[in-house]
Each structure stands twice: as C-alpha cells, then as structure tokens.
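Structural characterization, general
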Amino acid sequence: MIFDSFSQKDTEEFAAELGKKAVTGDFFALIGSLGAGKTAFARGFARGMGIDAHITSPTFTIVNEYRGALLPLYHFDVYRIANADEMYDTGYEEYFYAGGVCLVEWADMIEEILPPNAIIVRIEQISENGRRITIRGTK
C-alpha cells in the first residue's frame, strides 16, 4: 500500500484509519529519516485506537504505554539504542508479545529482533511538505 501525504494532518488521518483496524498482536515498524513524520503517524494511529492522551516520541524513555478503548498501545522510539543487544535491557519482549499493539519508531535499528509479523511503514520525504508512506506486511 502506498499513500502520498501532503501535510501532517494527512499523515495523521491516514494513520488514524489504520489505528481503527488495529488488533491484538499488531506490530508496526516505522522507518524514516529525522523529521519524516514517524511521530505524526504515531499520533494519528493512537487517535484511531481511541487514545486521547498527548502522544510524544519516547526518545528518552524508549517506550510509552497508552490505554486505548480496547487495546493498549506500546509506542517505542529506539533512536538512542545502539544495537539490538541493548534492547534486551529494556525488557522489550514483555511489550512486543504482551497482547497489545506495538508501534516502533526507528525500527530499522533493531531489524534483527522485529517479530515476523511486523508491518513495515516506510515514510520518505518527496517534497518540502510531501511524504510517501509505503506499507508492507499483512495490513
């Protein structure tokens, strides 16, 4: 699936539609450069799951947990993780396989430990305000 977004609002609305369809065990691996729109995607996705909380990138805490209307959302930002081995110290497995929905920013940094069902969401800048969102996986 490919979606071209021309604003942060477009990105959030597209992600909200995906969030509405989230089910237990879904895993979204977000890949994109700094400022590509990963956190905007996460914000919209959370809203689609019925989460009203202020969504920020958990760069320093590694993971934020939100309670959705039906499912929890585990929002990771692994930008500060040097490699997959460092992820073991975070207790990531408790979240990845906890029965909620996981959304991981900078997922390419821990590619070797991503679950086999990971839905890859690549966000690329195509113009000053334009982004191309490419989704590869089961959704």
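What counts as what
Residues numbered from 1 in each chain as written. Predicted model: local features only at pLDDT ≥ 70, side-chain atom pairs only at ≥ 80, totals over all residues. Heavy atoms only, no water. Buried < 20%, exposed > 50% of the residue type's maximum accessible area, 1.4 Å probe, protein only. Helix = DSSP H or I, 4+ residues; strand = E, 2+ residues; numbered from the N terminus. Pairing = 2+ DSSP bridges. Lys, Arg positive; Asp, Glu negative; His and termini not counted. Salt bridge = Lys/Arg side-chain N within 4 Å of Asp/Glu carboxyl O. Polar contact = N/O pair within 3.5 Å; in protein donor to acceptor, adjacent residues only side chain to side chain. Contact = heavy atoms within 4.5 Å.

A closer look at the pairing of strand β4 (residues 72-77)
The buried count for β4 comes to six of six residues, which makes it a mostly enclosed element. Burial along β4 is two-sided: Pro 72, Tyr 74 and Phe 76 and Leu 73, His 75 and Asp 77, pointing in opposite directions, are all buried. As paired strands, strand β3 (residues 63-67) and β4 are joined by five bridges and run antiparallel to one another. Residue Asn 64 lies in a different strand from β4, and its bridge partner there is His 75. The hairpin formed by β3 and β4 contains four residues between the paired strands. Two strands pair when backbone bridges link them, and β4 and strand β5 (residues 101-105) are joined in this way by five bridges, in the parallel orientation.

As for the side chain of Arg 131
Locating Arg 131 in the fold gives a position in strand β7 (residues 131-136). Here Arg 131 is buried and forms no salt bridge, its nearest opposite-charge partner Glu 128 lying at an N-O distance of 8.6 Å. Within the structure, the side chain of Arg 131 is placed 3.1 Å from the backbone oxygen of Gly 35, a separation counted as a polar contact. Among the polar contacts listed, one links the side chain of Arg 131 to the backbone oxygen of Ala 36, at a separation of 2.7 Å. Beyond its immediate chain neighbours, meaning those up to four positions away, Arg 131 contacts Phe 3, Asp 4, Ser 5, Gly 35, Ala 36, Ile 123, Glu 124, Gln 125 and Ile 126.

Nothing here speaks to function; it is geometry throughout.
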